[in-house]
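Reading the structure
As a plain string of letters, each chain reads:
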Amino acid sequence: MSKAKEVVSMKARLLIGLALGLTCLAGALALLVGHGSVFAINGFSDNQELPLPPLAPIANSGVSFIVRGLEPSVRVAPDGTVYVSSIRGVPGGVDVHRYFATVDGPPGVGSTYPFKYEGQPDNCGIFDASQGGCANNSLDPLGVGLGGGDVDIAVNYPTSGTPNLALVSLTLAPGITGTHSTTRGDSFSPPNPVVALIPGDDRQWIDGFGGQNVYLNYHDAATFNIDVQLSSDGGSTYLAGFGEAIDPQTFPTAGGIPATNSANVAGQIKADRSSCPSRGNLYQVFVAPDSVTENLSGGAPRSVYVGVSTDAKLGLPAFTFTDTKVFTGPAGAQNQGAVNLFPALATDDFGFVYAVWSDNSNVFYSFSANQGTTWSNPINVSFPVNGGHANLFPWIAADANGHVGIVWFGDDRAGNSNDRAALEPGHPASQGAACNSGMTCMQDWAKWNVYYAESVNGHDATPFFVSSVISDHVIHRGTISTGGLGGGADRSLADLFQIAFDPQHFANVAFSDDHLINTEVSGSDNGIDNPTSRRKVRANFTHQLAATAGSVVTTGSCAGSPPPPPPGAEKTTGGGQIASQMPGLTANFGFVAMNDKPKASLSYHDDGATGGSIDVHSTNTSVPSVTFQGNCSTFKGDAKVNQKLGYKYTVNACDNAEPGAGKDTFFISVTGPNFSYSNGGFITGRNIQIHSQ
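All residue numbers here refer to positions counted from 1 along the written sequence of the relevant chain. For a predicted model such as this one, the threshold for reporting local features is a pLDDT of at least 70, and the threshold for listing and counting side-chain atom pairs is 80 or more; totals across whole chains, interfaces and linings nevertheless cover every residue. Remark: hydrogens and water are excluded; side-chain values derive from all non-hydrogen atoms of the structure.

Attention shifts here to the pattern of salt bridges. The salt bridge criterion pairs a side-chain nitrogen of Lys or Arg with a carboxyl oxygen of Asp or Glu, the two atoms within 4 Å. For the structure on display, the rule yields 23 salt bridges. A salt bridge links Glu 49 to Lys 536, with the nearest nitrogen and oxygen atoms 3.2 Å apart. Here Glu 49 is found in strand 1 (residues 48-49), whereas its partner Lys 536 is found in strand 30 (residues 535-543), with 487 residues between them in sequence. When a residue's accessible area, from a 1.4 Å probe over protein chains only, is under 20% of the maximum for its type it is buried; when over 50% it is exposed; and in between it is partly exposed. Using a relative accessible area of 27% as the deciding quantity, one classes Glu 49 as partly exposed. For Lys 536, a relative accessible area of 14% puts it in the buried group. As a salt-bridge pair, Glu 424 and Arg 420 come within 2.1 Å of each other at their nearest N and O atoms. In this structure, Glu 424 and Arg 420 share a single accessibility class: buried. Salt bridges here are not isolated pairs; linked through shared partners, they connect Arg 98, Asp 104, Lys 116, Glu 118 and Asp 186. By definition, any uninterrupted DSSP run of H or I lasting at least four residues is a helix, any uninterrupted run of E lasting at least two residues is a strand, and each is numbered from the N terminus.

Right under this line is the structure:
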């Protein structure tokens, strides 16, 4: 999602459950063309619908939500367990399906998996418990759910035991609900509706690292920076670390101050899980305007950026990112460049990084062989298989050494995916309206399928991709909106779908589909080719049965390292505690600051502050000042205090000895409107270090 003009309308899609879920609303488009195994053609299983109940009644109201399965996320744990989550829309909650072969049984006809429905772990509230129930209904006395606007899931990679499954779901207010399962989805922790530090959030993503660490990113509502938080408890809370993915040098081009700025569209965050020196790096993809001038004037988000954090691996409560521009689309129309929901990112087992995005007509691919410092020239991966048509919603997975899989939606004709005249002839400019004449205009509409491109040499100078259709039926007809609810195109399939590789290096794909009429809802069937018929929107699933691009390479050399900082560059890191302003208590801090392209990240918390508890986080709304003198560093910048902008901080930290506890010093002062705070002294626990080049 993003922010200005068409991008503003994307925020409105968080209300999709209310806007599209009530029984009084007209349905979306669909077509049943006929199913059949495509294994002999492209090596994938039959497509299968992941079943959900037709309605979710609101208790004692006489009104029901129509249940939908939108924007499916898919992950495969290292033990081979497949998870698929999908949204119903706020406040309808999210749904989870699981396939664990040991318990759930062998594949069925067409190699389809016997998924187990695991209910609604974000606490649906409006869903009848007899139909599957909620993970924990005690937090939901009013029958209003704790999520459903967006969902993402992540799996962890422990050295032993059952891999953790984390889930986050969006409510917008208060924010993001987090929960996790250590029983492969059979039970979840009590949903925590305030895992984000900032209320009123936007499109969140997560990724797992190690046994219990989970990284969460989302848009900061006040600045539209991309906030990143770390959970060290599997996804119950996200308080172990903090950073902002848009660095202070890039913020004027991609940030949301003032509110009229174009700002950015945030894609997923990915952690490097390789065994290489890059292990623990964080990567954040986003699209934004190409310049400060374009951002201020509401220009198109036409450039792709990737933020890289190499200090997240230090385990400190704060970390920084450095942003690199990957690609710049042509100036002009709003749909050129990359703002076509969403840019996506992947890392492989040797530290190489991969990005994909769409300009509505093409799906582009680029890779980095030096930890996100530089990127290859983009490759158009959709052209060989569906050139000249609309291609959008790309997603990417990577593993092994250069093994890459990319999925997207593609139609059968030229024209922008939002263009009703080109893609929906005979249809007035209103979603769900009747044909201009007769009841069968959908016969002539654009037909959409799921495409897959695979490479086993994804970081070679000239990667080779094998591409094919992997949907065994037409999944949708007509337009697909890339402009949020503010546009006039069809949003029945929402804004994304995903791919994940399993331990055998096979692709698992979950996608939304509305090819069926929802005959389970009374009065919905007005004919298969009639746009007034209500469509059945469900997550569908298919998985790869045979390699399509050749042998996967599992040996080789690690990706290269980024260039070292220039001579004279200095960096300071630290974390620990100092005495609170209130005797007997302690204040916690963590920071990273550097003078090469000056940047700083600070996290500070004092429950014993005079006047009440304070929480201080740096913000990249201006470039900080970072200076070094002897064994001490001083850095200054903008801050939020208790999640509110308008404050300034100054930190002085001294590296006096090894180990630092009881010898290193940390001093902080914070000022703002009618506010002043200062504290400091010798640290207890951990260490402060100055690193010089």
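On to the sheet that holds strand 9 (residues 165-170). Here, any two strands with at least 2 DSSP bridges between them count as paired. Strands sit in the order 8-9-10 across an open sheet of three strands; the sheet is antiparallel. In the strand order of this sheet, the two ends are held by strand 8 (151-155) and strand 10 (176-181), each with one partner. Geometrically, the sheet is characterised by an average inter-axis angle of 15 degrees between neighbouring strands, direction not taken into account. As paired strands, strand 8 and strand 9 are joined by five bridges and run antiparallel to one another. Along strand 9, the bridge assignment pairs Ile 153 with Leu 167. A fitted line through C-alpha atoms serves as each axis, taken over the contacting stretch for helices, and the angle formed by two N-to-C directions is quoted from 0 to 180°.

Bringing the layout of surface pockets into the picture now. Using a probe with the size of a water molecule, rolled over the atoms, empty space left in the structure can be pinpointed. Counted as a void, the largest pocket has a volume near 900 Å³. When contributions to the lining of the largest pocket are tallied by element, the ones reaching two or more residues are strand 17 (303-309), strand 18 (322-328) and strand 31 (570-579). Of the residues in the lining of the largest pocket, the class split is ten nonpolar, eleven polar and eight charged. One number sums up the size of the second largest pocket: a volume of about 600 Å³. If you trace the second largest pocket, you find 31 residues lining it, with Tyr 157, Arg 273, Ala 398, Asp 399 and Phe 501 closest to the centre. If you list the elements that add at least two residues to the lining of the second largest pocket, you get strand 4 (70-76), strand 15 (265-271), strand 19 (344-347), strand 23 (391-399) and strand 28 (498-501). Ranked by residue count, the leading element in the lining of the second largest pocket is strand 23, at five residues. Grid spacing is 1 Å over the protein atoms alone, the probe is 1.4 Å, and a cavity is where that probe fits but cannot get out, while a pocket is an open set with protein on both sides within 12 Å along at least five of seven lines and lining residues have an atom within 4 Å of a point. Grid points are joined across faces, edges and corners, and a volume is the space filled by probe spheres set on the points. All amino acids are sorted into three groups, where Ala, Val, Leu, Ile, Met, Phe, Trp, Tyr, Cys and Pro are nonpolar, Asp, Glu, Lys and Arg are charged, and the leftover types, Gly among them, are polar.

Disulfides are defined as cysteine sulfur pairs within 2.5 Å. Inspection of every chain in the model, using the stated rule, returns three disulfides. At a sulfur-sulfur separation of 1.9 Å, the disulfide partner of Cys 632 is Cys 654. Because the torsion about its S-S bond is 110 degrees, the bridge between Cys 632 and Cys 654 counts as right-handed. Of this pair, Cys 632 sits in strand 36 (residues 632-641) while Cys 654 sits in strand 37 (residues 644-654); the two residues are 22 residues apart in sequence, bridging distant segments of the chain. By the burial criterion, Cys 632 is buried, and Cys 654 matches it.

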